[in-house]
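So you can see what is in the structure, the chains are spelled out below.
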Number of protein chains: 2
Amino acid sequence: MALNIPDSDLPRLVIVGAGFAGLELANRLPIKEFQVVILDRHNYHQFQPLFYQVAMAGLEPSSIAFPIRKMFQRQKNVHIRPVDVLELKPVEKRLVTEEGEIYYDHLIVATGARTNYYGNDKMREKALPLKSISEALHLRNEILSDLEKAVMIEDYNERQKYIDIVVVGGGPTGVEVAGAMAEMRRYVIPKDYVELDEDEIDIYLVQAGERLLYGMSDHAAKKAKEFLEDLGVKVLLNSQVVDYDGETLSMHNGEKLLSRKVIWCAGVKAEAPAGLPDDCMHRSGRVEVDRYCQVKGLRDVYAIGDVALMREDEFPDGHPQVAQAAIQHARYLAKSFKKKLKDEEVEPFAYNDKGSMATIGRNKAVVDLPFYKFSGWLAWVAWLIVHLFALIGVKNKVFVFINWLWNYLTYDQSLRLIIRPEKRREKNG
Amino acid sequence: MALNIPDSDLPRLVIVGAGFAGLELANRLPIKEFQVVILDRHNYHQFQPLFYQVAMAGLEPSSIAFPIRKMFQRQKNVHIRPVDVLELKPVEKRLVTEEGEIYYDHLIVATGARTNYYGNDKMREKALPLKSISEALHLRNEILSDLEKAVMIEDYNERQKYIDIVVVGGGPTGVEVAGAMAEMRRYVIPKDYVELDEDEIDIYLVQAGERLLYGMSDHAAKKAKEFLEDLGVKVLLNSQVVDYDGETLSMHNGEKLLSRKVIWCAGVKAEAPAGLPDDCMHRSGRVEVDRYCQVKGLRDVYAIGDVALMREDEFPDGHPQVAQAAIQHARYLAKSFKKKLKDEEVEPFAYNDKGSMATIGRNKAVVDLPFYKFSGWLAWVAWLIVHLFALIGVKNKVFVFINWLWNYLTYDQSLRLIIRPEKRREKNG
């Protein structure tokens, strides 16, 4: 096999990564002017903000994923290849992929970020990440099958390991996971698992810093903690996780928690392809770009989204690694390609921070707008609307909406299926 | 771990298998009169007639599966355990499961049937079965990722292996799979894979016998073949498959087909737990029962559904292994438990054959009613309605209906995601 991209008279623009940044760019590009090649290890775009709802059995993967090919149907100059990119050779203007090399005229690195374990190998091995749809499905299976096992365990202490859950990381994902787990405990367990006592289930949210939701307002942090505690989540601040053997989680202060499920939402690390010059690589893994999204020191190579580190006066450490910034980078870059084609002047990028939000549960969310901060029911509705509209695809919007409505009315996320690959059985015919 | 079923004053009724038969029985039983234990290796009921639509990316697993616990919410005397049953010890009235033993007062064996490879180990190893949701998902992933690979293959002959598909078995499943594949070729490939030539894709339906749809009328068989050929499926009758090495499929007449995907829909074999006396076991794997669903020679042990072999004058080889028979067995048995509780007399079971149906594609289906046979659009609508109503759960009905409507209007099954377990990457933080 080879990438098998046909020759073309158009300049070749290669996009690595079909997340918010890569896909938005492809969508907005003057697409007829380029031969566009999209490389992503998956054949679909995944909507990260709702991974946790897949993990909590509230949504199906297909509702928050969109096949990349569907977005470029019948486009003869768009070539999509589900391959891993191994290395960049900037001098030759070539990319090495698992299926062979490819030349580019323009390269856009939009490879995003992955879970950051901060070098803790024990965590990487034993904790459960939540940075992809398949990780979300795996987490769902673990939660459900541990509940099934818990029903079959008589011993109190042994059972605790199966039902208690620890969420590490007090950012939006950690807060959302802990809140959703607490709602499952309140609304689903008493109905589905009458044999379990839901009061025996402990949900911990462990945060290294002294408050939740860094990057949001104090009001949001305070409210989020209040909401979580209302739902019965034990919020442990100033608690650093040091070790985990799959059952015992140890903190820096000697405290220990027993649980088979430690969900790791404590941070991300940008993931750039190998081969970028050392002097444009930041230790966070991000790639330094100028205000035109150009990777420093390289021609015709751009980085956008979570993987890009663009410094502005207001953002000396780069923009926040959120969908909003990725989309703004992408729109900006698409526009600058258009302008360059028309020989117009390109202005430097400026980030427009529209605010941020996090949801904790039914009628419970926090929203920071630049000039107004609010929380509660209205914030929750705002969160739903923003996320519904951000989803790609009409069908996804429809299905997520119906699911949310259903779950809201029935107090029940109903997708509690433990689906795993079948072992081939010896007994078969 | 142990099964951990509490003691109870009620007689214990154990149901093995939560397919159509087992679940229908549990639903209709005078449930307050028993301690009901449901054992199934999955935590959900799966709707077999639509597996092929999951495989063809038209439906999500959750739309055709239903969590067993959801059906018995808040029922304190119903105990659900997702375990494999290993052996029956009829003398002691005990069952051995992977999580320990359990005593029963009444045992209902409703373990259904699995893929039958007729002893052909090569087939078991290399062909793709379609008898569970996870097998359907696996097949979906194979079809899609082979298409992705095909795009990257220049060599014509090599590419054929990735795009051609062979379906073995001319029963309803085989016919439905072949028809759905042909529709994907016609409506989806030209949009999603402009780089492939859909005319290069061959779809074969291989049937050992001289006609399709044994068990249905000649009219249905003829029409189904016509419909399939209209869709461009190559129907090979009188063709027995003898060998397959993962790429080359050999027939008894020396003919060979090249394909990486041979979908095996050629038959089922009943799957009864070990430990049943030899003289009640038929060579098809089915368990011989009398007209009261009682396993011959055993007290308090019943078999219903695909695993049961009940002979009536009209059905000397037992009832057809279809949902209809399973549901009728279950309803009958539930009613006989009720009658026995009231000391009423129990009549022997009599099967009421309501007819059968198969669908080939848009507006193309065949229906055999006892006194009327028809095909085409009306048959197709009938098929949709019957299957929609047979689904368990209001939400499933709603979601399947919306999906069907969507697919019908857009000519597009849109769930083309290749979701596989993530390899843990060395590069992570």
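The shown structure was predicted, so the numbers you read here are calculated from the model rather than taken from an experiment.

Here we come to the interface of chain A and chain B. Across the contact, 85 residues belong to chain A and 85 residues belong to chain B. Joining chain A to chain B, the criterion identifies six salt bridges. A salt bridge links R69(B) to E148(A), with the shortest nitrogen-to-oxygen separation between them at 2.8 Å. On inspection of chain A and its partner chain B, the count reaches 24 residue pairs in polar contact (both at pLDDT 80 or more). Breaking the side of chain A that touches chain B down by element, the ones donating at least two residues are β4 (65-67), α3 (68-71), β5 (78-81), β10 (113-115), α4 (121-126), α5 (133-151), α7 (172-192) and α11 (394-410) of chain A. Residue contributions to the side of chain A that touches chain B peak at eight residues, all from α11(A). Of the residues contributing to the side of chain A that touches chain B, the split by class is 36 nonpolar, 17 polar and 32 charged.

The next thing to look at is the sheet that holds strand β24 (residues 372-375) of chain A. Residues and elements named next belong to chain A. Strand order across the open sheet formed by three strands is β22-β23-β24, with antiparallel pairing between neighbours. Because the sheet does not close on itself, it has two edges, and the strands there are β22 (356-361) and β24. Mean inter-strand twist for the sheet, computed between neighbouring axes without regard to direction, equals 5°. With four bridges connecting them, strand β23 (residues 364-369) and β24 associate as antiparallel partners. Residue pairing for β24: V366 is matched across the bridge by S375. Contacting β22, β23 and β24, helix α8 (residues 218-230) crosses the sheet at an angle of about 175° to β23. Here helix α10 (residues 377-390) sits on the sheet and contacts β22, β23 and β24; the angle it forms with β22, its principal contact strand, is near 110°.

All right, on to α8(A) then. Residues and elements named next belong to chain A. Over its 13 residues, α8 extends 18 Å from the first C-alpha to the last, a length consistent with the 18 Å expected when each residue adds 1.5 Å. Buried within α8 we find A220, A221, A224, F227 and L228. Projected onto a plane normal to the axis of α8, the buried residues spread over an arc of 130° and lie on a single side. The exposed set on the far side of α8, more than 90 degrees from its buried face, consists of D218 and K222. Packed against the buried residues of α8 are α7, β12 (203-206), β13 (234-236), β22, β23 and β24. Among the residues trailing α8, G232 stands out with phi positive, at a value near 90°.

The subject of this paragraph is the relation of the copies chain A and chain B. Superposition of chain A onto chain B requires a rotation of 180° combined with a translation of 0.0 Å along the rotation axis, giving an RMSD of 0.0 Å. One copy is carried onto the other by what is essentially a two-fold rotation axis. When you check the interface residues of chain A against chain B, 100% turn up at the interface there too, and the contact is symmetric in its surfaces.

This part is about the confidence of the model for chain A. Counting all residues, the mean pLDDT for chain A is 94, and 98% of those residues have values of 70 or more. Under the prediction, the complex receives an ipTM of 0.92, its pTM being 0.94.

What follows concerns the packing of aromatic side chains. All names here are of chain A. On inspection of all chains with the given rule, the structure shows 22 aromatic pairs over all chains. Plain terms: the ring middles of Y117 and W264 are 5.9 Å apart, the flat faces sit at 25° to each other, and that makes the pair stacked. With Y117 in the loop between β10 and α4 and W264 in strand β17 (residues 262-264), the pair connects residues that are 147 residues apart, well separated along the chain. An aromatic cluster of at least three residues, connected via ring pairs, comprises F34, Y302 and F337. Stacked on the ring of Y187, the Lys or Arg R362 has its end atom at 5.7 Å from the ring centre.

Secondary-structure assignment places K364(B) in strand β23 (residues 364-369). Not counting residues within four places of it along the chain, the set of residues in contact with K364(B) comprises F227(B), L231(B), T359(B), G376(B) and W380(B).

A word on the pairing of β12(A). Remark: a regular strand shows side chains that alternate across the two faces of the sheet. All names here are of chain A. Burial along β12 is two-sided: the residues I203 and L205 and Y204 and V206 are all buried. Pairing geometry for strand β11 (residues 165-168) and β12, over four bridges, is parallel. When the bridges of β12 are listed, V167 appears paired with L205. Between the parallel pair β11 and β12, the chain is carried across by α7, and the sense of this crossover is right-handed. Pairing of β12 with β13 involves three bridges; the strand directions are parallel. By the bridge assignment for β13, Y204 is matched with K234. As a crossover connection, the stretch from β12 through α8 into β13 is right-handed.

Here we take up the pattern of salt bridges. Per the counting criterion, the structure on display carries 61 salt bridges over all chains. Across the pair D300(A) and R299(A) runs a salt bridge whose closest N-O atoms are separated by 4.0 Å. Owing to a relative accessible area of 14%, D300(A) belongs among the buried residues under this scheme. One salt bridge in this structure joins D243(B) and K122(B), with 3.1 Å as the shortest N-O distance. Linking D243(B) in strand β14 (residues 241-244) with K122(B) in helix α4 (residues 121-126), this pair joins segments that are 121 residues apart in sequence. Several salt bridges converge on common partners, so that one network encompasses K70(A), K191(B), D192(B), D412(B) and R416(B).

The next subject is the environment of Q294(A). Residue and element names in this part refer to chain A. Examined against the element boundaries, Q294 turns out to sit in the loop between β19 (287-289) and β20 (301-303). According to the relative accessible area criterion, Q294 is partly exposed, its value standing at 23%. When the C-alpha atoms of Q294 and I15 are compared, they prove to be 14 Å apart, with 279 residues separating the residues in sequence.

Definitions and cut-offs
Residues numbered from 1 in each chain as written. Chains lettered and ligands numbered in written order. Predicted model: local features only at pLDDT ≥ 70, side-chain atom pairs only at ≥ 80, totals over all residues. Heavy atoms only, no water. Contact = heavy atoms within 4.5 Å. Salt bridge = Lys/Arg side-chain N within 4 Å of Asp/Glu carboxyl O. Polar contact = N/O pair within 3.5 Å; in protein donor to acceptor, adjacent residues only side chain to side chain. Helix = DSSP H or I, 4+ residues; strand = E, 2+ residues; numbered from the N terminus. Nonpolar A, V, L, I, M, F, W, Y, C, P; charged D, E, K, R; others polar. Pairing = 2+ DSSP bridges. Axes fitted to C-alpha atoms, helices over the stretch in contact; angles between N-to-C directions. Expected span 1.5 Å × (residues − 1). Buried < 20%, exposed > 50% of the residue type's maximum accessible area, 1.4 Å probe, protein only. Arc of directions from axis to C-beta. Least-squares fit on C-alpha atoms with pLDDT ≥ 70 in both. pLDDT = per-residue confidence, 0-100. Phe/Tyr/Trp six-rings, centres within 6.5 Å; stacked < 30°, edge-to-face > 60°. Lys NZ or Arg CZ within 6 Å of the ring centre and 35° of its normal. Right-handed = clockwise from strand over helix to strand, strands pointing away.

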